[in-house]
Amino acid sequence: MDAEIKQQFDEMGVEPADAVVERCVDLAITYNVSDATEFVEQWMAFSLSHLHGEDPTTDNLGEFERKVLQLRKDKIASKTAAQKVKSYAAPETNSLATYGLIEDDPMMEDYMGDSVADSSAMHTPKSKKEATRPAGLKGGVLFSPASFTPQSAKKNQTGTPGNAVKGKPGDIVDSFGHPKLLSGSNWQSDMEHTLPVVQKLLHKDAPLTVANLGYMNDLLSERCDDLHDRLVDTGRALIDRKLGPDGAAECSWYPQDKHTLEALHLLHAVGMIHSEDDGPLDPHSAFLAVSDIDNNSFLSLNFSRIKSCSIFPGQVVLAKGFIPKGNSFVVEEIHTERKLTPPNPLKVDRELQFVVAAGPFTDSTDLCYEPLHDLLNYLKDHRPDVLVLTGPFLDADHKTVGELAETFDSFFEKMIAGIMDVVGPHTTVLMVSSQKDAMAHSVYPTPPPTLRKSYPNLHMLPDPSIVDLDGITLGVTSTDVVDHLLSHELAANAGERMHRAINHLFHQGSFYPIYPPADEDMPYDSQLALKYAQIRQLPNVLILPGDQRHFIRLVSDCLVINPGRVSDSKGGTFARFLVSPTVPGKVANMFNSVACQVQRI
């Protein structure tokens, strides 16, 4: 179990010592916590609420044992004894559990108030949905689909025991920033005015829209030219970062210096990583495509002498090694980092509040959009300055989408009307399209859909996008590029996986550097990607939603957030973050200027 616990801590950005991991394993075994994810989540909740987010040590694990694990064990024991006594008396029921307001889970009881835990069946409780639904949401859903069968509009009531939700709504499951910022915020905007939105990801001074969209007409020769241009540009940046002009002049290069092959001198080569199987890389399938003046050379890579690496299909690398014979290249070093253009300094004259949520927004079995309604309940009480929503909003692969008795565009318009009615006119809303949406153009990069009704504070953005929000540069995509990278990379001794996946995007200068795409059904257009999916300068904040576990990372002074999915079988989540005012004359530090939390829906 030590490997599982260590992996869960790694995903949280925590690198515990071996002694700490061993202590965690002992505690998990002693207190019968068989799930490593559950153990680490309980630790993170305890650390955030009691230790201001400190990393685990052997000392504070003792405090964790006393205040959480031992308390949980005592409650289970007392509950078991009480059940034995009640078995001889008339059966009684817990009113909250009976009406489905809480789950009968002792781990959840550790973080529930005594008033909830001790309330008995002395009165008939009100429905949780009715009690918490704001005035704007009472009386039913904000929109409902017209369908040929009632099943698509009914919520599936059958649950799957293996997908039980861990934790309760409102739990903070991840956090970043100075404790004073985190504890001192009420997480809602103090002023009512919309922010100016300026799109920065442009081609010929224009963002990607349906009006300037052209796809499904790129030739194979044009794709090859695009890959060659990318190889040359990124390769030149890698050489400048590692060797510099003088160092590069002193090196032997393949294929120009072929005369050095017989002497087995060390060679440098710039090329693009590919897989012979057009799938995930492994040590036996990776090869390097090297551009030559006359033709393209392909080198089979031998990793027997390398100490560490992290590579994926489509990645441009600078390799160092030798060729014993034929086209086999024995790799000794692989360099993948180039000089990055850092984010612009934060320039904010007042505190700004953000909420970020990623689709899907409804369960996989219905089109009731209950998770979206729960998010709107939160927004009704905590009005942010900026709301960022990423697709899919109406997944084309949803099992009941074919039962709609209205057009996809009409349904989407209803959804937007319901969201804007709750959010109001003073919150700037950014909606990022997805190539998975039924009403979107099936191409990546994806232009935003055209709406019949416009809202002054609603901005429909393409996927991907970079926007400037009154001094804050925000990058966002709805494509799960992190999962695609991690599922297809070959990594050895390469550090924390989320951190290196983010670095791949930055150092390859692209929102989607994998080629061919990891998802064979992804409608990737190389011409559009060359124009509208490049990262030439790091943003202040980057939103990377995906199926991987939610995370918050600070990489190269860029705050990277995966808010999780609003609809998730293990409990949906969203992210909220604030940016504090910048002190004149001082450079803003991200840890002291930005606070971020991931919260259960």
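Only a predicted model underlies this, so the values are computations on that prediction, with no experimental measurement involved. (Residues numbered from 1 in each chain as written. Predicted model: local features only at pLDDT ≥ 70, side-chain atom pairs only at ≥ 80, totals over all residues. Heavy atoms only, no water.)

A.B. asks: Account for the nonpolar core, with residues named and values stated.
C.D. replies: Within the largest apolar cluster, 41 residues are counted, with the highest numbers of intra-cluster contacts made by Phe506, Phe511, Tyr512, Leu544 and Val560. Breaking this core down by element, the ones donating at least two residues are helix 10 (220-242), strand 3 (267-275), strand 7 (316-322), helix 14 (481-488), helix 15 (497-508), strand 17 (551-555) and strand 18 (558-562). Counting residues per element, this core draws most heavily on helix 15, at five residues. Two domains each provide a minimum of three residues to this core, namely domain 2 (171-199 + 341-480 + 519-600) and domain 3 (221-335). Apart from residues no more than four positions distant in its own chain, valine 560 is found in contact with Ile502, Phe506, Leu542, Leu544, Phe551, Ile552 and Arg553. Judged by nonpolar contacts, the second largest core, of 38 residues, contains Leu182, Ala357, Val401 and Val422. (Core = buried A, V, L, I, M, F, W, Y, C linked by side-chain atoms within 4.5 Å. Buried < 20%, exposed > 50% of the residue type's maximum accessible area, 1.4 Å probe, protein only. Helix = DSSP H or I, 4+ residues; strand = E, 2+ residues; numbered from the N terminus. Domains from an automatic or database assignment. Contact = heavy atoms within 4.5 Å.)

A.B. asks: Quick one: what's the story with the pattern of salt bridges, residue by residue and with numbers?
C.D. replies: Counted by the stated rule, this structure contains 14 salt bridges. Of the charged contacts, one joins glutamate 65 and arginine 23 as a salt bridge, the two residues approaching to 2.9 Å between their closest N and O atoms. Taken together, the residues glutamate 65 in helix 4 (residues 58-86) and arginine 23 in helix 2 (residues 18-30) connect sequence positions 42 residues apart. Glutamate 41 serves as the salt-bridge partner of arginine 549, at 3.2 Å between the closest nitrogen and oxygen. On the criterion of sequence distance, the pair formed by arginine 549 in the loop between strand 16 (541-543) and strand 17 and glutamate 41 in helix 3 (residues 36-50) is long-range, its members being 508 residues apart. Members of the salt-bridge network, linked through shared partners, are Glu41, Arg549 and Arg600. (Salt bridge = Lys/Arg side-chain N within 4 Å of Asp/Glu carboxyl O.)

A.B. asks: Give me the lowdown on empty space enclosed by the protein, citing residues and values where you can.
C.D. replies: In total, this model carries two cavities of 30 Å³ or more according to the counting rule given. Considering only enclosed or pocket space, the largest cavity measures out at about 50 Å³ in volume. Taken together, Pro360, Phe361, Thr362, Leu367, Tyr369, Pro392, Phe393, Leu394, Asp395 and His398 make up the full set of residues lining the largest cavity. For the lining of the largest cavity, a count of residues per class yields seven nonpolar, two polar and one charged. A volume near 40 Å³ is recorded for the second largest cavity. (1 Å grid on protein atoms, 1.4 Å probe; cavity = no way out; pocket = protein on both sides within 12 Å on 5 of 7 lines; lining within 4 Å. Points joined across faces, edges and corners; volume = space filled by probe spheres on them. Nonpolar A, V, L, I, M, F, W, Y, C, P; charged D, E, K, R; others polar.)

A.B. asks: So what's going on with helix 2? Which residues, and what values?
C.D. replies: For the α-helix, the turn length of 3.6 residues means that residues three or four positions removed from each other point alike. For helix 2, spanning 13 residues, the distance from its first C-alpha to its last is 18 Å, which sits close to the expected 18 Å at 1.5 Å a residue. Within helix 2 the residues assigned to the buried category are Val20, Val21, Cys24, Val25, Leu27 and Ala28. Looking straight down helix 2, one finds that the buried residues subtend no more than 165° of arc, so they occupy a single side. In helix 2, the exposed positions that point more than 90 degrees away from the buried face belong to Asp18, Glu22, Ile29 and Thr30. With its phi angle positive at about 60°, asparagine 32 sits one or two positions after the end of helix 2. (Expected span 1.5 Å × (residues − 1). Arc of directions from axis to C-beta.)

A.B. asks: Before we move on, can you summarise the sheet that holds strand 12 (residues 458-461) with the specific residues and values?
C.D. replies: Pairing in this open sheet of seven strands is mixed, and the strands run 1-20-19-9-10-11-12 from one edge to the other. Only two strands of the sheet have a single partner each, and these edge strands are strand 1 (172-176) and strand 12. Neighbour-to-neighbour, the strand axes of the sheet open up by a mean angle of 15°, direction not taken into account. In this structure, strand 11 (residues 428-432) lies alongside strand 12, joined through four bridges in parallel fashion. (Pairing = 2+ DSSP bridges. Axes fitted to C-alpha atoms, helices over the stretch in contact; angles between N-to-C directions.)

A.B. asks: Explain helix 14 to me, and be specific about the residues and the numbers.
C.D. replies: Most of helix 14 sits out of view: six of its eight residues are buried. Taken residue by residue, helix 14 has Val481, Val482, His484, Leu485, Leu486 and His488 as its buried positions. Buried residues along helix 14 sit against strand 6 (309-311), strand 15 (490-492) and helix 15.

A.B. asks: Kindly report on the packing of helix 14 against helix 15, identifying the contributing residues and their values.
C.D. replies: It is at 10 Å that the axes of helix 14 and helix 15 come closest, and there the two elements cross at 105°. Classified by the angle their axes make, helix 14 and helix 15 are roughly perpendicular. Where helix 14 approaches helix 15, its residues Val481, Val482, Leu485 and Leu486 are matched on the opposing element by Arg497, Met498, Ala501, His504 and Leu505. A breakdown of the residues in the contact of helix 14 with helix 15 according to their chemical character gives seven nonpolar, one polar and one charged. (Parallel < 35°, antiparallel > 145°, perpendicular 65-115°, else oblique.)

A.B. asks: Quick one: what's the story with a negative patch on the surface, residue by residue and with numbers?
C.D. replies: Together, Asp2, Glu4, Asp18, Glu22 and Asp26 make up a negatively charged patch on the protein surface. Those elements that provide at least two residues to the negative patch are helix 1 (2-11) and helix 2. Relative to the assigned elements, glutamate 4 resides in helix 1. (Patch = residues over 30% accessible without salt bridge, like charges linked within 9 Å, V, L, I, M, F, W, Y side chains within 5 Å. Areas by Shrake-Rupley, 256 points an atom, 1.4 Å probe, with all protein chains shown as cover. Lys, Arg positive; Asp, Glu negative; His and termini not counted. Charge placed at Lys NZ, Arg CZ, Asp CG, Glu CD.)

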